[in-house]
Structures are given as C-alpha cells and as structure tokens.
Amino acid sequence: MRIVHMYFAVARGMTMGVRAACFDSAGRIFLVRHSYLPGWHMPGGGLERNETAEAALIKELREEGNLRILGRPELFHIYFNTAASRRDHVLFYKTQVEQTAPRPPDREIVECGFFAIDDLPVGTTDATRRRLAELAGEREPAHVW
C-alpha cells in the first residue's frame, strides 16, 4: 500500500498555497506588488514540506509585509488555482493584522501597503477584486481562483 501511495504522490502530486485578505484596525486591506507578477495581490505563498497552512500563512505575511496576525485567521474558502497549474489549490483566509514595521522594497516585493476597499490601487488584479466581493457577500465564492 505504501508503494501505491508513493506512486500517487509523484504521479498526481498537488501543490497548495495560502493567501489572505489582511485588514488593519481601520478596515483597510493590505496588498503587495511583486517584481515577477503584474498587478496588486493579497499576500501569500506556497506551503513547504512538513509545514502547516497556518505556519505558512504566518511566515508569508511576515515576509511580504511585516504583518502580525491578531487573533485567529478565518479560513474563508479553498480554490482551485488553474492559473498556476492543473494541480494547485489555494487556502484563502481573512484575518486582522498589524504591521510591526514598514516593509521596504526588495527583489520580490517592490511595493506594498494598506488601501481602503473603495480606493484600491490601479492594477489591482481581477482575482483580488473577486475575492473581496466574495468576502463582502456581493457574490458567491467561486471554485476557481
């Protein structure tokens, strides 16, 4: 049985990532602009081997924005991310955060900040806007990112 499990892990391996709608005490959302991907996105990243989703979320928010989660993050929905591959899934969270220090630009994150929901930066991705509409109850959560 172990051999069959190993076969499926290689033949049908799945990747998983985390992403979060991070709100500050003023109700603004935190967005990032990457050097390698166009547009403004919610922070997040992939899970590493032997890493829990919550540990990955904590790590990614710290790395991409110097953000600290307040309370417990709320799992909102799980999406199939066909833009990344035919085997990628995203765990999407909603959480309250505080920024522990300004996040200077580097080779990965060229710009980041908090924005009012009704004043998102030019270039905010359609997927980010869809997720925000889903969180607000303006549309049903999709199954594909």
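Residues numbered from 1 in each chain as written. Predicted model: local features only at pLDDT ≥ 70, side-chain atom pairs only at ≥ 80, totals over all residues. Heavy atoms only, no water.

**Things to note about the UniProt feature "domain: Nudix hydrolase" (unreviewed entry) in the chain**
Argument step 1. Those residues carrying the UniProt feature "domain: Nudix hydrolase" (unreviewed entry) are residues 13-138 in this numbering.
Argument step 2. Annotation note: span residues 13-138, helix share 18%, strand share 42%, distance between end C-alpha atoms 34 Å. (UniProt positions renumbered as here; feature names shortened; annotations may be inferred. Helix = DSSP H or I, 4+ residues; strand = E, 2+ residues; numbered from the N terminus.)

**With respect to helix 2 (residues 53-65)**
Argument step 1. Relative to the 18 Å expected for 13 residues at 1.5 Å per residue, helix 2 spans 18 Å between its end C-alpha atoms, a close match to the ideal helical length.
Argument step 2. Of the positions making up helix 2, those classed as buried are A53, A56, L57, K59, E60, L61, E64 and G65.
Argument step 3. In the segment just after helix 2, N66 is the residue with positive phi, at about 55 degrees. (Expected span 1.5 Å × (residues − 1). Buried < 20%, exposed > 50% of the residue type's maximum accessible area, 1.4 Å probe, protein only.)

**Examining the pattern of salt bridges**
Argument step 1. Overall, the coordinates contain 8 salt bridges when judged by the stated rule.
Argument step 2. Put simply, R103 and D106 hold a salt bridge, and the shortest N to O gap is 3.0 Å.
Argument step 3. You can call R103 buried: its relative accessible area is 13%.
Argument step 4. You can call D106 partly exposed: its relative accessible area is 37%.
Argument step 5. R131 is paired through a salt bridge with E134; the nearest N and O atoms lie 2.9 Å apart. One end of the pair, R131, and the other, E134, are both in helix 3 (residues 126-135), 3 residues apart, so they sit about a helical turn from each other. As far as the burial class goes, R131 and E134 line up, both buried.
Argument step 6. Here the salt bridges share partners, and the residues they tie into one network are E51, K59 and E60. (Salt bridge = Lys/Arg side-chain N within 4 Å of Asp/Glu carboxyl O.)

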